[in-house]
Amino acid sequence: MDQVLVAYVLFVAVAVVLTHRYVNRRSIRHIRGPPSPSWLYGHTISQSHEDQVGDYDFARIKEFGTAWRTKGCWGRDVLHLADAKALQHIFHKSGYHYPKPVESRQLTRQITGEGILHAEGQDHARHRKIMNPAFTASQLRSFIPVFRRSAVKLSEKWKQILQSANSGSERTINVQSWLARTTLDVIGEAAFDYDCGALDDSKNEVMAAYHNMFADSLLFTSGATMLFRSTWKFLPEIVLRCIDYLPTRESTRFRRTVKIINRVSAELVAEKTESCLSGKADNKKDIMSILIKANASEDPRSRLNMKEMIAQMGTFLLAGHETTASSMTWLLWELSKHPEWQDKLREEIGCIRDRVTTRGDSDFSVADYDAMANVIAAMKESLRFHGIVHMLVRVAEREDVIPLSQPIVSTTGELISEIPVSKGQYINASVCGYNRLKEVWGDDAHEFNPARFLETKTGQITVGVFANLMTFSGGLRGCIGWRFSILEMQAILVELLENFKFAIPEDKPEIQRVPAGLMVPMIRNKMNLGVQMPLEVTAISGFT
Ligand code: HEM
């Protein structure tokens, strides 16, 4: 297969080079960057095979400042930006003028269909308008019982496992896989009132379809695949659609997953549309029911069609479970390495629990969760430190000038505070780089220190939707589910810290931040085990 790909790639090479010259009319060659190891692949292979996600960006920021240049395939210049003002310009101030490039859109279409993640421009605005009512703060509050139910179920499952555990190694649990099952159950119930049965291990087909999907398909992309992808922008839509059927590793894995997800989603959309239109679902609060109602009240010309509705479901399942699970996994890892913070959080939760008991309630309210300042600070810090979407790729739709808040030195030694770009310029927004900028987060930006979020910060340039991080992106295309995710994490984390202590296992496995679409944890030299975060878990208050 690789030989066919390489032959194909060489065939279009001439076209690529000619177009490349045209595209790079406004050159960014005066921006400094590391020397390219290869004309054909540029830095693409070294970047996608990074040992620890983010290390390249951190080193380049140290050497070149918050904007630097690398090479893509065929000698194409790629502009990397971690600068606050530049990111604000691209994500907040430029409307739809920095769309996702064809390669990203093709991949999202293959994984989720033609839903909101794939849509661009006015089409995206149409999707977003219909989806917004499902993500208001009051709507999300109604999901708290859903979050709590799954959190308590997870807690019970772990207590059962720990009951018969006699040693530290028997108490070691791969928390990532359990959290992924928990968040899948949550999104199933919250998004479509559907029981994924993941925590009950009911061999549900949705769960099986998603299991390890990112690691199976997007881990360590090969050079041939990189070259192949770099040609997609020259292909007509009809040929792009044929790519979905190629027997490559990623296409095969995506097809298998999407086939199952689309079938389940289609059944659910049909069923819910029927009950919504007949008035049977008036009290239903799941995201899908709200979407169907919002869609029905739209002008028929701007409604989402059946295919788009189905794609939206796939999008929620994908964007809404492993993201939150991985983010929580990194947080539990940090709390295991920082027991003093873990104790502080547990103590705070205990105080609020007393308040809840005194007023005669059985469970926490949103106000209780929001009163847990240390818990929130630790969540923010972990989302800063371990942003699981570490890079966002965009392309300039027209000529533009990108401003910088921190001037950089050009190849000629000149200090520059803006970068002119031409139409077609590829841009890698460094989420991990911005999230660790000393100028924004302080001199200890490379350390895990939740205390930074207990102080009031002023004068920051607005960049992201939550805590001014880039983790959930920002602007028109910022994560629509960030509030959902934060509330869900609060509910699950509080339940877990009330019931368990977390520690690094005695054999101290070396955890790697691996690039597999999302930044996932794996054990060094044991990647065959898939995504792993083994932590020693001890039940606090005996077994029920
Ligand atoms: C910690 C958890 C999460 C993280 C870090 C995260 C991160 C992101 C990021 C970075 C984007 C922008 C992607 C891009 O522009 O290429 C995004 C978009 C999106 N996210 Fe999330 N997400 C999380 C949880 C969720 C949840 C729980 C949901 C749904 C319930 C969700 C639904 C979406 C959707 C639908 C979009 C597309 C928005 C648009 O294009 O307008 N996400 N997310």
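Given the structure is predicted, the values throughout are model-derived calculations rather than measurements.

**With respect to the overall build of the protein chain**
And then number 1: Counting its secondary structure elements, the protein chain contains 23 helices and eleven strands.
And then number 2: Counting only C-alpha atoms, the protein chain reaches 70 × 55 × 45 Å along its principal axes.
And then number 3: Within the protein chain, buried positions represent 44% of all 544 residues.

**A closer look at the site of the ligand**
And then number 1: Of all residues adjacent to the ligand, which total 22 residues, the nearest are Ala319, Gly320, Thr323, Cys479 and Gly481.
And then number 2: Listing elements by their share of the shell around the ligand, those giving two or more residues are helix 16 (306-319), helix 17 (322-337) and helix 23 (482-499).
And then number 3: Considering only residue class, the shell around the ligand consists of eleven nonpolar, nine polar and two charged.

**Structural notes on the packing of helix 14 (residues 249-277) against helix 16**
Axes are the key here: two packed helices are described by the angle between their axes and the distance separating the axes.
And then number 1: Two elements in contact, helix 14 and helix 16, have axes separated by 9 Å at closest approach and are oriented at 120 degrees. Between helix 14 and helix 16 lies a crossing of right-handed hand. Along its contact with helix 14, which presents Val258, Ile261, Asn262, Ser265, Ala266, Leu268 and Val269, the element helix 16 presents Met306, Met309, Ile310, Met313, Gly314 and Leu317.
And then number 2: By residue class, the composition of the contact of helix 14 with helix 16 is ten nonpolar, three polar and no charged.

**Observations regarding the pairing of strand 11 (residues 534-539)**
And then number 1: Sheet topology note: the strand 3 (residues 172-174)/strand 11 ladder contains three bridges and is antiparallel. Note on strand 11: the bridge partner recorded for Asn174 is Pro534.
And then number 2: Here four bridges tie strand 8 (residues 500-503) to strand 11, and the two strands are oriented antiparallel to one another. Within strand 11, the position partnered with Lys501 by the bridge is Thr538.

**With respect to the sheet that holds strand 11**
And then number 1: Reading across the sheet, the three strands line up as 3-11-8 and stay open at both edges, with antiparallel pairing between neighbours. Edge strands, defined here as strands with exactly one partner in the open sheet, are strand 3 and strand 8. Neighbour to neighbour, the strand axes of the sheet diverge by 45 degrees on average, direction disregarded.
And then number 2: Sheet strands in contact with helix 8 (residues 144-163) are strand 3, strand 8 and strand 11, and its direction is about 85 degrees off that of strand 11.

**Thoughts on helix 23**
And then number 1: In this model, helix 23 (18 residues) spans 26 Å end to end at C-alpha, consistent with the 26 Å of a helix rising 1.5 Å per residue.
And then number 2: Taken across its 18 residues, helix 23 has 15 buried, putting it largely inside the fold.

**Examining helix 15 (residues 287-296)**
And then number 1: When you tally the buried positions in helix 15, you get seven out of ten residues, the bulk of the element.
And then number 2: Of all the residues in helix 15, the buried ones are Ile287, Met288, Ser289, Ile290, Leu291, Ile292 and Asn295.
And then number 3: At its buried positions, helix 15 is contacted by helix 6 (121-131), helix 7 (137-141), helix 9 (175-192), helix 14 and helix 16.

**Thoughts on the nonpolar core**
And then number 1: Grouped together as the largest cluster of nonpolar side chains are 134 residues, with contacts concentrated most on Leu79, Leu87, Met313, Val375, Ile427, Leu493 and Val520.
And then number 2: Leave out the neighbours within four places in its chain, and Leu79 touches Ile28, Ile31, Ala67, Arg69, Ile419, Val421, Gln425, Tyr426 and Ile427.

**Some words on the confidence of the model for the protein chain**
And then number 1: Predicted confidence across the protein chain gives a mean pLDDT of 90, with 94% of residues reaching 70 or more.
And then number 2: Both confidence scores are given for the complex: pTM 0.92, ipTM 0.99.

**Section: the environment of Thr358**
And then number 1: Mapped onto the fold, Thr358 is located in helix 18 (residues 339-358).
And then number 2: Separated by 216 residues in sequence, Thr358 and Ser142 have C-alpha atoms that sit 24 Å apart.

**Here we look at the UniProt feature "binding site: heme" (unreviewed entry) in the protein chain**
And then number 1: Under the feature "binding site: heme" (unreviewed entry), the UniProt entry names Cys479.
And then number 2: Leave out the neighbours within four places in its chain, and Cys479 touches Val465, Phe472 and Ser473.

**Some remarks on unusual backbone geometry**
Glycine aside, residues mostly have negative phi, and peptide bonds are mostly found in the trans state.
And then number 1: A positive phi angle, close to 60 degrees, is found at Trp74, a residue other than glycine.
And then number 2: Looking at the secondary structure, you find Trp74 in the loop between strand 1 (67-71) and strand 2 (77-81).
And then number 3: Residue classification places Trp74 among the partly exposed positions, given that 19 C-beta atoms sit within 10 Å.
And then number 4: Backbone geometry at Lys508 places phi at a positive 40 degrees, although glycine is not the residue there.
And then number 5: Mapped onto the elements of the fold, Lys508 is located in the loop between strand 8 and strand 9 (511-516).
And then number 6: We classify Lys508 as exposed; it has 7 C-beta atoms within 10 Å.

**What about the environment of Thr112?**
And then number 1: Residue position: Thr112 is located in helix 5 (residues 102-112).
And then number 2: As for Thr112 and Phe316, which are separated by 204 residues in sequence, their C-alpha atoms are 8.9 Å apart.
And then number 3: In contact with Thr112, other than residues within four places in its own chain, are Leu117, His118, Ala311, Gly314, Thr315 and Leu318.

**What to know about the environment of Gly33**
And then number 1: Tracing the backbone through its elements, the reader meets Gly33 in the loop between helix 1 (2-23) and helix 2 (44-48).
And then number 2: Residue classification places Gly33 among the buried residues on the basis of 21 C-beta atoms within 10 Å.
And then number 3: Along the chain, Gly33 and Glu510 lie 477 residues apart, while their C-alpha atoms are 31 Å from each other.
And then number 4: What Gly33 contacts, discounting residues up to four positions off in sequence, is Phe64, Trp68, Arg69 and Thr70.

**A word on the sheet that holds strand 7 (residues 426-430)**
And then number 1: Sheet architecture is open: four strands sit in the order 1-2-7-4, paired in mixed fashion. Two strands in the sheet have a free side with no partner beyond their single neighbour: strand 1 and strand 4 (391-395). Ignoring which end each strand starts from, the neighbouring axes of this sheet average 25 degrees apart.

Conventions used here
Residues numbered from 1 in each chain as written. Predicted model: local features only at pLDDT ≥ 70, side-chain atom pairs only at ≥ 80, totals over all residues. Helix = DSSP H or I, 4+ residues; strand = E, 2+ residues; numbered from the N terminus. Buried ≥ 20, exposed ≤ 12 C-beta atoms within 10 Å, placed from the backbone. Near = placed C-beta within 6 Å. Nonpolar A, V, L, I, M, F, W, Y, C, P; charged D, E, K, R; others polar. Axes fitted to C-alpha atoms, helices over the stretch in contact; angles between N-to-C directions. Left-handed = near helix turned anticlockwise from the far one by under 90°. Contact = placed C-beta atoms within 7 Å. Pairing = 2+ DSSP bridges. Expected span 1.5 Å × (residues − 1). Core = buried A, V, L, I, M, F, W, Y, C linked by C-beta atoms within 7 Å. pLDDT = per-residue confidence, 0-100. UniProt positions renumbered as here; feature names shortened; annotations may be inferred.

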